[in-house]
Amino acid sequence: MAESVALIKEKFENATDIVALINEYSSDERAAVKKLIDKYNKQLIALENEKIRTENMKRYEREYEQYGYICGIDEAGRGPLAGPVVAASVILPKDCDILYINDSKQLSQKKRDELFDIIKEKAVSYGVGIVGPERIDEINILNATYEAMRDAIDNMKVKPDILLNDAVTIKGVNIKQVPIIKGDAKSISIAAASIIAKVTRDRIMEEYDKIYPEYGFAKHKGYGCKTHIDTIKEIGPCPIHRKSFIGNFV
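The rules behind these values
- Residues numbered from 1 in each chain as written.
- Predicted model: local features only at pLDDT ≥ 70, side-chain atom pairs only at ≥ 80, totals over all residues.
- Heavy atoms only, no water.
- Salt bridge = Lys/Arg side-chain N within 4 Å of Asp/Glu carboxyl O.
- Helix = DSSP H or I, 4+ residues; strand = E, 2+ residues; numbered from the N terminus.
- Axes fitted to C-alpha atoms, helices over the stretch in contact; angles between N-to-C directions.
- Parallel < 35°, antiparallel > 145°, perpendicular 65-115°, else oblique.
- Contact = heavy atoms within 4.5 Å.
- Nonpolar A, V, L, I, M, F, W, Y, C, P; charged D, E, K, R; others polar.
- Buried < 20%, exposed > 50% of the residue type's maximum accessible area, 1.4 Å probe, protein only.
- Pairing = 2+ DSSP bridges.
- Arc of directions from axis to C-beta.
- Polar contact = N/O pair within 3.5 Å; in protein donor to acceptor, adjacent residues only side chain to side chain.
- Core = buried A, V, L, I, M, F, W, Y, C linked by side-chain atoms within 4.5 Å.
- Left-handed = near helix turned anticlockwise from the far one by under 90°.

Applying the stated criterion to the full structure yields 20 salt bridges. Here K198 and D202 are joined by a salt bridge, their closest N and O atoms 3.3 Å apart. Note that K198 and D202 are positioned in helix 8 (residues 188-211) at a spacing of four residues, about one turn of the helix. Among the charged side chains, a network of salt bridges with common partners joins E55, K58 and R62.

Here the focus is the packing of helix 1 (residues 5-13) against helix 2 (residues 18-25). Two numbers describe how helix 1 lies on helix 2: the axes approach to 9 Å, and their chain directions differ by 155°. What the angle tells us is that helix 1 and helix 2 run roughly antiparallel. Packed against helix 1, whose contacting residues are I8, K11 and F12, the element helix 2 presents I18, L21, I22, E24 and Y25 at the interface. Across the contact of helix 1 with helix 2, the residue classes tally to six nonpolar, no polar and two charged.

One non-glycine residue with positive phi stands out, namely K182, at about 55°. Note on placement: K182 falls in the loop between strand 5 (176-180) and helix 8. Looking at K182, the relative accessible area reads 61%, which means it is exposed. For K221, which is not glycine, the phi dihedral falls at a positive 60°.

If you walk across this open sheet you meet the five strands as 3-2-1-4-5, and the pairing is mixed. Sheet topology places strand 3 (125-131) and strand 5 at the edges, where each strand pairs with a single neighbour. This sheet shows a mean twist of 20° between the axes of neighbouring strands, independent of strand direction. Sheet contacts for helix 8: strand 1 (70-76), strand 2 (85-91), strand 3, strand 4 (162-166) and strand 5; angle to strand 1, the most-contacted strand, approximately 35°.

In an α-helix there are 3.6 residues to a turn, and that puts residues three or four apart on one side. Buried within helix 2 we find I18, L21, I22 and Y25. Across the axial projection of helix 2, the buried residues extend over an arc of 100°, all falling on one side. Its side-chain oxygen 3.3 Å from the backbone nitrogen of V19, D17 forms the N-cap of helix 2.

Our focus in this paragraph is the nonpolar core. Grouped together as the largest cluster of nonpolar side chains are 23 residues, with contacts concentrated most on V90, L92, I98, I101, L115, I119 and I195. Of all elements in the fold, only strand 2, helix 5 (109-122) and helix 8 reach the threshold of two or more residues within this core. Broken down by element, this core gets its largest block of residues, nine residues, from helix 8. Setting aside residues no more than four positions away along its own chain, V90 makes contact with I70, C71, G72, I119, A123, S125, Y126, M156, S189, A192, A193 and I196.

Looking now at the environment of R203. Position of R203 relative to the elements: it lies in helix 8. Exposure remark for R203: the relative accessible area of 35% places this residue in the partly exposed category. Through-space distance from the C-alpha of R203 to that of K221 is 9.0 Å; in sequence the pair is 18 residues apart. Not counting chain neighbours up to four residues away, the residues in contact with R203 comprise D113 and F116. Within the local environment of R203, its side chain forms a polar contact with the side chain of D113, the two groups lying 3.4 Å apart.

Once that is clear, we can look at the pairing of strand 2. Counting buried positions along strand 2 yields seven of seven residues, so the element is predominantly enclosed. The alternating pattern of strand 2 places V85, A87, S89 and I91 on one face and V86, A88 and V90 on the opposite face, and all of these are buried. Looking at chain direction, strand 1 and strand 2 are connected through six bridges and run antiparallel. Bridge pairing in strand 2 links G72 to V90.

In this section: the packing of helix 5 against helix 8. Between two packed helices, both the angle of their axes relative to each other and the distance between the axes serve to describe the pair. At a minimum axis distance of 9 Å, the contact between helix 5 and helix 8 shows a crossing angle of 115°. In terms of their interaxial angle, helix 5 and helix 8 are classed as roughly perpendicular. Along this stretch, helix 5 crosses helix 8, giving a crossing that reads as left-handed. Listed contacts from helix 8 to Q109, R112, D113, L115, F116, I119 and K120 of helix 5 are A192, I195, I196, K198, V199, T200, D202, R203 and E206. When its residues are assigned to classes, the contact of helix 5 with helix 8 shows seven nonpolar, two polar and seven charged.

Structure, rendered in structure tokens:
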């Protein structure tokens, strides 16, 4: 008597060797079993494609593999009207096997949150730098970004031997730097830093939303969407707004 489809489905759901199960049931002519096998074949193909994509994102890490500790640097929050700019620095292990790391803007919030914890757990070292709105107004956003990046590096337990940066060359850092245009989509180290920076900043803005709920920071994270700008025009700015960013409509 043939196994029930429900039992076969349960085997697939709990399997550690999907390929072996596909081979075992590949001759089963039942439509439901064929559909099940097709589903898991597609998952295997997607997984292999992801492994290839991840390996391609290591090309700069391979190019500079002679350096001991390769560190990716990125920031989040240069453009918003409110809140801090946050930078992160990440040294991944040379044999990094974390899948789905990508430019944080290409990932869902759920996936970013998952990777945030995995990256922090598996990284050789990481650091975060946070520069608030008053300092941004004082020294301008570019210099504030450099300051946040320097702080992120200083907050690492391991000193990097080389920095892979997303497009910029950081002033005041005596470590070899490699600026990479759109680096958060090309380097796994920079992409990992982009995830740490964005999740950290998003969570900061969610906390600010509890203090200043009328502005909707949890939703737009301080960026200049229409509802945010309209609220500022209506009730004025709050203490975390960047005065140098809102002069055109306040």
